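Spelled out, the chains give:
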Amino acid sequence: MKMASCKSLSLLFFFVSSFHLSIQENTVSLSFPLTSAPLSETSASKPKLLSSLTMAAASSPNKNAAASSPPLGYDYRSSFKYSMALIVSLPIGTPPQTQQMVLDTGSQLSWIQCHRKTPPVVRKPPPTTAFDPSLSSSFSVLPCNHPLCKPRIPDFTLPTTCDQNRLCHYSYFYADGTLAEGNLVREKFTFSNSQSTPPLILGCAADSNDAEGILGMNLGRLSFISQAKVPRFSYCVPLRRQGRVAQNINNNKNNNIINNPTGAFYLGHNPNSGTFHYISILTFPKSQRAPNFDPLAYTVGFVGIRIGGKKLNISPAVFRPDAGGSGQTMIDSGTQYTFLVDAAYAKVREEVARLAGAKLKKGFVYGGALDMCFDGGDEVEIGRLIGDVVFEFERGVEILTNKERVLDDVGGGIHCFAIGRSESLGVASNIIGNFHQQNHWVEFDVANRRIGFGVADCSRSL
């Protein structure tokens, strides 16, 4: 899903500086150290929030994504800032061309920017530009008669049509009404001369204004992890450095951004997983999915919130989907902040106002999403007044954000409490954003249908 007013809230973009390959038994391990970079002005106008939500009602998660053949594993490391988008650079094609893609656990279809950039005599494309299909021997376009393009049962998560060239055309709508479209193609992710994925179905967007594509990582059958049969992936979110002026979401300018932090992202086995605490990825009957439930999301059992040591009086039922699917709680790498349905948000705001209400900036809403914000340079004192924030999950698993980090610097001397109302995004779900995953490993163990959390110093996880 995309929300035009929340682009800088939801996307964190990263660029790979190098990678190395190692092989352990049947697992390919690739390491990508990353540094963060500003959002492009074109992509900054189109946030990608929970991009499967608006078109997932008719689809089912691929429960056996890793079961049919030996999986590939990737050791993928990324860094991000919170007014930016989570972008990785991956080698695609034969020979590989480095492509920038937003890592999004809320999206299914992966797509890249495609166009013929250079005359055929030029064989080595620049490392971070749009993909040139003419330079890849493994590239192919899906014709109109491909089963995916004309399925017997229409897949409303991926609307397809025939274009004027008799090629398979896709249209992917986001929640803010913007559109990603192009042709469906097959292409490899080529990590070395001897290691690559099989040809995967991707979108090839020739006319998009975005500078980056999408790496779709949800449970859908066409997501990257399902097609590549990746059994698990994990990331470690480093603490964002303070002392910078945040990106202005209206003019897409970045000022005084310092010390790009780096974290780690694994596709495949994580050597730290022995320290993780796991909760189940939940499933629900189809009768409970419409119209608001996203069956392709990483849905978890969220049971409560503590602020400053006080357990808020919120019914656990608020965090589980009702008969219409409202109330689903999901873990999303593509959303920066945490968003709660009204019944939960009202209790959180009431407690923050009780603890620090005298300092609230009245009438101010950041990005159309965060309305608990504070003026001035006393964010440390305000954090102490509010105290630690703890999200409670099933099996006693918790995510703690300490009092020094409950506010986010959004620029202009303003700091906002990093929880918003889901209604501001036009959704009826609880979304655990990456702000509240800082200094935690988060592992999506798809093969065993569980998510693990582990406390870590993510700046040292490389």
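These numbers were taken from a predicted model, which means no experiment stands behind them.

(A) Representation of the confidence of the model for the protein chain in the model. Averaged over all residues, the pLDDT of the protein chain is 77; the fraction at 70 or higher stands at 70%. Between residues 78–83, whose pLDDT stays under 50, and residues either more than four places distant or in other chains, the model counts 52 contacts. Note on residues 122–128: pLDDT is under 50 here. Beyond four places in sequence and across chains, it has eleven contacts.

(B) Looking closely at the state of the cysteines. A full pass over the atoms with the stated rule returns five disulfides. Covalently, cysteine 144 is tied to cysteine 162 through a disulfide, its sulfur atoms 2.0 Å apart. Within this pair, whereas cysteine 144 is found in the loop between strand 9 (140–141) and strand 10 (160–162), its partner cysteine 162 is found in strand 10, the two being separated by 18 residues in sequence. Assessed through its relative accessible area of 3%, cysteine 144 is described here as buried. The exposure class assigned to cysteine 162 is partly exposed, which follows from its relative accessible area of 28%. The disulfide partner of cysteine 236 is cysteine 458, and the gap between their sulfur atoms is 2.0 Å. Taking the sign of the S-S torsion, -75° for the link of cysteine 236 and cysteine 458, the bridge is left-handed.

(C) The packing of aromatic side chains, seen in detail. Going through the model one piece at a time under the given rule, you end up with 15 aromatic pairs. A centroid spacing of 4.7 Å and a plane angle of 10° characterise the contact between phenylalanine 233 and phenylalanine 444, whose relative ring orientation is stacked. Placement of the pair is phenylalanine 233 in strand 15 (residues 232–236) and phenylalanine 444 in strand 31 (residues 440–445), with a sequence separation of 211 residues. Comparing phenylalanine 233 with phenylalanine 444, the two get one shared label, buried. One aromatic cluster in this structure is built from Phe302, Phe319, Phe391, Phe393 and Phe453. Directly above the ring of tyrosine 278 sits arginine 450, whose terminal nitrogen or CZ lies 3.6 Å from the centroid.

(D) Summary view of the pairing of strand 7 (residues 97–104). By the criterion of burial, strand 7 is predominantly enclosed, with seven of the eight residues buried. Note: strand 6 (residues 87–92) against strand 7, six bridges, orientation antiparallel. Residue pairing across strands places proline 91 opposite threonine 98, the latter belonging to strand 7. The loop that links strand 6 with its antiparallel partner strand 7 comprises four residues; one of these, glycine 93, has a positive phi angle of about 100°. In this sheet, strand 14 (residues 213–216) lies alongside strand 7 in parallel orientation, the contact comprising four bridges. Of the residues in strand 14, the one forming a bridge with valine 102 is isoleucine 214.

(E) Spotlight on helix 5 (residues 379–386). Those residues of helix 5 not exposed but buried are Ile382, Gly383 and Ile386. Viewed end-on, helix 5 has its buried residues packed into an arc of 100°, placing them on one side of the element. Once helix 5 ends, the next one or two residues include glycine 387, with phi positive near 90°.

(F) Seen up close, unusual backbone geometry. Cis geometry is adopted by the peptide bond preceding proline 95, which originates at threonine 94 and carries an omega value of -5°. Inspection of the secondary structure assignment puts proline 95 in the loop between strand 6 and strand 7. With phi around 55°, asparagine 439 is a residue other than glycine that occupies positive phi space. Among the structural elements, asparagine 439 can be located in the loop between strand 30 (430–432) and strand 31. Since its relative accessible area comes to 18%, asparagine 439 is described here as buried. Its identity as a non-glycine residue notwithstanding, arginine 449 has a phi of 50°, on the positive side. Note that arginine 449 resides in the loop between strand 31 and strand 32 (450–455).

Cut-offs and rules
Residues numbered from 1 in each chain as written. Predicted model: local features only at pLDDT ≥ 70, side-chain atom pairs only at ≥ 80, totals over all residues. Heavy atoms only, no water. pLDDT = per-residue confidence, 0-100. Contact = heavy atoms within 4.5 Å. Disulfide = S-S within 2.5 Å. Helix = DSSP H or I, 4+ residues; strand = E, 2+ residues; numbered from the N terminus. Buried < 20%, exposed > 50% of the residue type's maximum accessible area, 1.4 Å probe, protein only. Phe/Tyr/Trp six-rings, centres within 6.5 Å; stacked < 30°, edge-to-face > 60°. Lys NZ or Arg CZ within 6 Å of the ring centre and 35° of its normal. Pairing = 2+ DSSP bridges. Arc of directions from axis to C-beta.

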